[in-house]
Amino acid sequence: KEMNSNMILVGDGSAVEGIKFDSLSITAAAKDGIIDYALFSVSGKAIAEIDGSLDFLQENLGYKANGKVSNLDVGQLMKDSTTVTDLNFKFRTEGENFDIDKMNMFLTFDLSPSKINGIEIDSTRTITDIFTDNNDERVINFISDIADVTLKGQFSLPDAISVLSR
C-alpha cells in the first residue's frame with residue numbers, strides 16, 4: 001500500500017462545533033501505509049498535546065497515541081454551567097480495529113491532581129486492557145486504585161460499559 005503525503009493544518013483563532021481554539025495545530029505525515037500525526041491545541045486555559053500513528057498495513061487498522069491534557073473544563077466543552085472541572089491527565093494507548101466489538105486495546109490513564117466541581121482529586125492511574133482471547137471470548141481488564149475488574153465472556157463492549165456504569 002503506497003501512501004506518501006504531508007499535511008500541516010493551523011487553525012489559530014478557529015472554532016469547531018462552537019469550541020473556540022486560541023491555537024490549533026495538526027500535522028500528519030503518511031509514508032508506506034503509516035500515518036504519524038501530532039495535535040497541539042489551546043482553548044482558554046486548556047492545553048492538549050497528542051501524537052501517535054495509524055498503521056494501515058495491519059489487517060485491522062492499528063493505532064498508537066500518547067497525550068497530555070491540562071486544565072480541561074468538561075463543563076465548558078459540553079456547555080454545562082453546572083459542571084466545572086480542572087482536569088489534568090496523560091494517556092497512552094495502543095491497539096487495533098475501531099469496531100468497538102472487535103477492538104483490541106491497551107490504555108493507561110494517569111490523572112494528575114485535578115478538580116471536579118471544587119472537589120480535589122489526587123493523582124491516580126488506571127489501566128484498561130480489552131482483547132479477544134484464544135477461546136474467542138471478550139476480555140476486559142480494568143485496574144485502578146479503586147477497584148480491579150475483569151469481565152470475560154460473550155458480550156458486546158457497549159453492553160458491558162452500560163452495565164458497569166449503573
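Each remark here, short or long, concerns the structure printed above.
Parameters and conventions
- Residues numbered from 1 in each chain as written.
- Predicted model: local features only at pLDDT ≥ 70, side-chain atom pairs only at ≥ 80, totals over all residues.
- Heavy atoms only, no water.
- Helix = DSSP H or I, 4+ residues; strand = E, 2+ residues; numbered from the N terminus.
- Buried < 20%, exposed > 50% of the residue type's maximum accessible area, 1.4 Å probe, protein only.
- Contact = heavy atoms within 4.5 Å.
- Areas by Shrake-Rupley, 256 points an atom, 1.4 Å probe, with all protein chains shown as cover.
- Lys, Arg positive; Asp, Glu negative; His and termini not counted.
- Charge placed at Lys NZ, Arg CZ, Asp CG, Glu CD.
- Polar contact = N/O pair within 3.5 Å; in protein donor to acceptor, adjacent residues only side chain to side chain.
- Salt bridge = Lys/Arg side-chain N within 4 Å of Asp/Glu carboxyl O.
- Phe/Tyr/Trp six-rings, centres within 6.5 Å; stacked < 30°, edge-to-face > 60°.
- Pairing = 2+ DSSP bridges.
- Core = buried A, V, L, I, M, F, W, Y, C linked by side-chain atoms within 4.5 Å.

A. Up close: the overall build of the protein chain. Summing up its helical and strand segments, the protein chain has 2 helices and 14 strands in all. On the principal axes, the C-alpha backbone points of the protein chain span a range of 50 × 50 × 25 Å. Per-residue burial for the protein chain yields a buried fraction of 30% across its 166 residues. Sequence-distant contacts in the protein chain: of pairs separated by 6 or more residues, those separated by 24 or more amount to 29%. Element-wise, carbon and sulfur atoms account for 55% of the exposed surface of the protein chain, whose accessible area totals about 10800 Å². Charge separation in the protein chain, taken as the distance between the mean sites of 15 positive and 27 negative side-chain charges, equals 3 Å.

B. Geometry of the environment of Asn88. Along the chain, Asn88 falls in strand β8 (residues 85-96). Counting along the chain gives 17 residues from Asn88 to Asn71, while the straight-line C-alpha distance between them is 5.7 Å. Asn88 has contacts with Val69, Ser70, Asn71, Asp110, Leu111, Ser112, Pro113 and Ser114, leaving out every residue within four places of it along the chain. A polar atom in the side chain of Asn88 sits 3.0 Å from the backbone oxygen of Pro113.

C. Region of interest: the pattern of salt bridges. The full count for this structure, using the stated rule, is 2 salt bridges. Across the pair Arg125 and Asp110 runs a salt bridge, and its minimum N-O distance is 2.6 Å. One end of the pair, Arg125, is in strand β12 (residues 124-132); the other, Asp110, is in strand β9 (residues 104-111), and 15 residues separate them in sequence. For Arg125, a relative accessible area of 43% corresponds to the partly exposed category. The salt bridge partner of Lys152 is Asp133, with a shortest N-O separation of 3.3 Å. Separated by 19 residues along the polypeptide, Lys152 in strand β14 (residues 148-153) and Asp133 in the loop between β12 and β13 (138-144) bring together distant segments of the chain.

D. Quick peek at the packing of aromatic side chains. Inspection of the entire model under this criterion finds 2 aromatic pairs. Taking the centre distance of 4.8 Å and the plane angle of 20° together, the rings of Tyr63 and Phe98 count as stacked. You can see Tyr63 sitting in strand β7 (residues 62-72) and its partner Phe98 sitting in the loop between β8 and β9, a full 35 residues away along the chain.

E. Local environment of the pairing of β12. Where β9 meets β12, 7 bridges bridge the pair, whose relative direction is antiparallel. Bridge pairing links Phe106 to Asp129 in β12. Here β12 pairs with β13 via 7 bridges, running antiparallel. Its bridge partner being in β13, Thr132 is matched across the sheet by Arg138.

F. Focus on the nonpolar core. If you look at the biggest cluster of nonpolar residues, it comprises 8 residues: Ala48, Ala65, Val69, Leu72, Leu87, Phe89, Phe91 and Leu111. Within the residue set of this core, elements represented by two or more residues are β7 and β8. Residues within four places of Leu72 in sequence aside, it is in contact with Ala46, Leu77, Thr85, Asp86, Leu87 and Phe89. Core analysis: the next-biggest nonpolar cluster, separate from the first, contains 7 residues, Tyr63, Met103, Ile140 and Ala160 among them.

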